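Listed below are the residues making up each chain.
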Amino acid sequence: MSWETEVEVIVAGGGSAGLAAALASARGGARTLLLERQTKLGGMGTCALVHTFCGLFHPDVTQPWAWLNPGIATEVGQEMMIRTGQEAPDLMGKVYVLRQHPSLYAQMADELCRAESMLAVLSGTEWTGLKQTASGWELEVITRGAARTLSSKALVDTTGDATGARLMNPQWCEQTEGARLYRPAYISAFHGIAGVHDDAWRLQTGGMIFRAIRDGVLPQAAMGAAFRDSPFAGETFLTVDLEAGQGDWDPFDPVKRARMEQEGREVALSLWKFLRAQHPDFQHCAPPLLPTKAGIRETARYVGDYVLTGDDLAGNRRFEDEIALAGWPMEKRENARGPKFRYFDEAKPAGIPARCLQRREVPGLFFAGRCVSADHEALASVRVMGTCMATGQAAGKLAVDFVQGR
Ligand SMILES: Cc1cc2nc3c(=O)[nH]c(=O)nc-3n(C[C@H](O)[C@H](O)[C@H](O)COP(=O)(O)OP(=O)(O)OC[C@H]3O[C@@H](n4cnc5c(N)ncnc54)[C@H](O)[C@@H]3O)c2cc1C
């Protein structure tokens, strides 16, 4: 396939949602292009080192674990289990989660895309402009300083930032005010840590960090530090939630983004230095591996034909036109002091309607993942990677139906 002239569907943004959308579109028979500005696919799950897949499983933890959404989410989850040697997900309180490895996710995404003859991937390519034409869409993209125009009949926005709406008509999207936006976080990977990292270890390590902050040895931002083991021995991920200027936080402001990234690096490396000196399990720990970028939990999302609400999810609402199921509780992180959960009323999934992936007045434009049409509270559930894969797959299928005139 010539990726420059014969494209039917462009999927912009190669994170969990975009990967699933592109695979679904290509497998559905549409000539598909997947655009990604980074040099690897997987989005937050690779570049920000987010290391657990949430939303893959049925929410009833009194029952044995079961996959929630058939298709690409299950396919990726099953393959991750094989590659990481896990036979079952972890039960964490009231939820099942699957530990995933960012490097293996990037490799798997490459392999899945390479297997599709109808799919071309353009990486290192940023989408910067959008025009609607008589036959579909024209996208301005830039690869290493060179601009070009790409055309397609259908477009799936999986950038996580509602980029299409922000480029064409900001009224198609919504952004929560800075003070309530879910906080960004900085994840780094620590290698060579000894010991067993159970709840008692976490409590003791947390106590050491708390005292060091109180004594002015560690920065205040280290308060949000949390450790979670990778599926591979000796590797642990450190996540630090950041206030990022609290009410002043704007994820689209490059100066604030740079400050937040600097703060993340500073706190990760000061924790490493402190723990290496003070904690026996960290004595042989090399400097942490830093992410390509900090994790951004919330920016802008589309306003589609239906806006999914927190009450819909809590009430386990189902829809006639539902295309995916949500099962992860609403994990609200409006500050760096840890999440507030709102669980569904019953331990059953809720539906996500097709109307959350499109706007009637803009035929041929679809959105999924973090871009999905949901209110701030519902986003706290549907933004997890398992659910993003499910909405991404559905958006890819809708795009195929659109170009094939169904
Ligand atoms: C700190 C943190 C912890 C989290 N913890 C978990 C967890 O434990 N489990 C879980 O399942 N989820 C977790 N999440 C949520 C989850 O990682 C994201 O919500 C999810 O990855 C969103 O998927 P997505 O495909 O919509 O967007 P993303 O993963 O953000 O992917 C969007 C992609 O689009 C690309 N892109 C954006 N703009 C452009 C452009 N203009 N041109 C070209 N490419 C572009 C980006 O580079 C990116 O690759 C966490 C998130 C954060 C930030």
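To be clear, the structure that these remarks concern was listed above.
To keep things clear, this report deals only with the structure shown in the data block.

This next bit is on the pairing of strand β13 (residues 225-229). Moving residue by residue along a regular strand, the side chains alternate between the two faces of the sheet. Relative to strand β14 (residues 235-241), β13 is paired through five bridges, and the arrangement is antiparallel. Note on β14: the bridge partner recorded for Arg228 is Phe237. Between the end of β13 and the start of β14, which pair antiparallel, lie five residues, with Gly234 showing a positive phi angle near 85°.

Contacts to the ligand come from 30 residues, most closely from Glu36, Thr52, Arg370, Arg383 and Met385. One nitrogen or oxygen atom from the main chain of Trp127 is found 2.9 Å from a nitrogen atom belonging to the ligand. If the ligand stood free it would expose 1,000 Å²; the protein chains cover 96% of that surface. Elements with a contribution of two residues or more to the shell around the ligand: α1 (16-27), β3 (52-53), β7 (125-133) and α10 (385-403). Broken down by element, the shell around the ligand gets its largest block of residues, three residues, from β7. Tallied by class, residues from the shell around the ligand come to eleven nonpolar, twelve polar and seven charged.

Any two side chains of opposite charge can pair, on the condition that their charged atoms come close. Tallying each qualifying case throughout the model produces 27 salt bridges. Of the charged contacts in the structure, one is a salt bridge between Arg83 and Glu79, with a shortest N-O distance of 2.8 Å. Residue Arg83 and its partner Glu79 are both found in helix α3 (residues 72-84); the two are separated by four residues, about one turn of the helix. Several salt bridges share partner residues, and in doing so they unite Asp241, Arg297, Glu331 and Arg333 into one network.

In terms of strand pairing, β7 meets strand β8 (residues 136-143) through eight bridges, oriented antiparallel. Bridge pairing in β8 places Trp127 opposite Val141. Joining the antiparallel neighbours β7 and β8 is a turn of two residues.

The next thing to look at is the nonpolar core. Grouped together as the largest cluster of nonpolar side chains are 64 residues, with contacts concentrated most on Phe53, Leu308, Leu313 and Val382. Of the residues forming this core, the biggest block, ten residues, is contributed by α10. Listed in part, the 31 residues of the second largest apolar core include Phe190, Leu242, Val267 and Ala268.

If you trace the backbone, Thr176 turns up in the loop between β11 (173-175) and β12 (185-191). There is a polar contact of 3.4 Å between the side chain of Thr176 and the side chain of Arg301. Of the polar contacts made by the side chain of Thr176, one reaches the side chain of His376; its length is 3.3 Å. Each residue touching Thr176, except ones within four places of it in the same chain, is listed here: Leu181, Glu298, Arg301 and His376.

What counts, and where the lines are drawn
- Residues numbered from 1 in each chain as written.
- Predicted model: local features only at pLDDT ≥ 70, side-chain atom pairs only at ≥ 80, totals over all residues.
- Heavy atoms only, no water.
- Pairing = 2+ DSSP bridges.
- Helix = DSSP H or I, 4+ residues; strand = E, 2+ residues; numbered from the N terminus.
- Near = heavy atom within 4 Å.
- Polar contact = N/O pair within 3.5 Å; in protein donor to acceptor, adjacent residues only side chain to side chain.
- Areas by Shrake-Rupley, 256 points an atom, 1.4 Å probe, with all protein chains shown as cover.
- Nonpolar A, V, L, I, M, F, W, Y, C, P; charged D, E, K, R; others polar.
- Salt bridge = Lys/Arg side-chain N within 4 Å of Asp/Glu carboxyl O.
- Core = buried A, V, L, I, M, F, W, Y, C linked by side-chain atoms within 4.5 Å.
- Buried < 20%, exposed > 50% of the residue type's maximum accessible area, 1.4 Å probe, protein only.
- Contact = heavy atoms within 4.5 Å.

Purely spatial values, then, with no claim about function.
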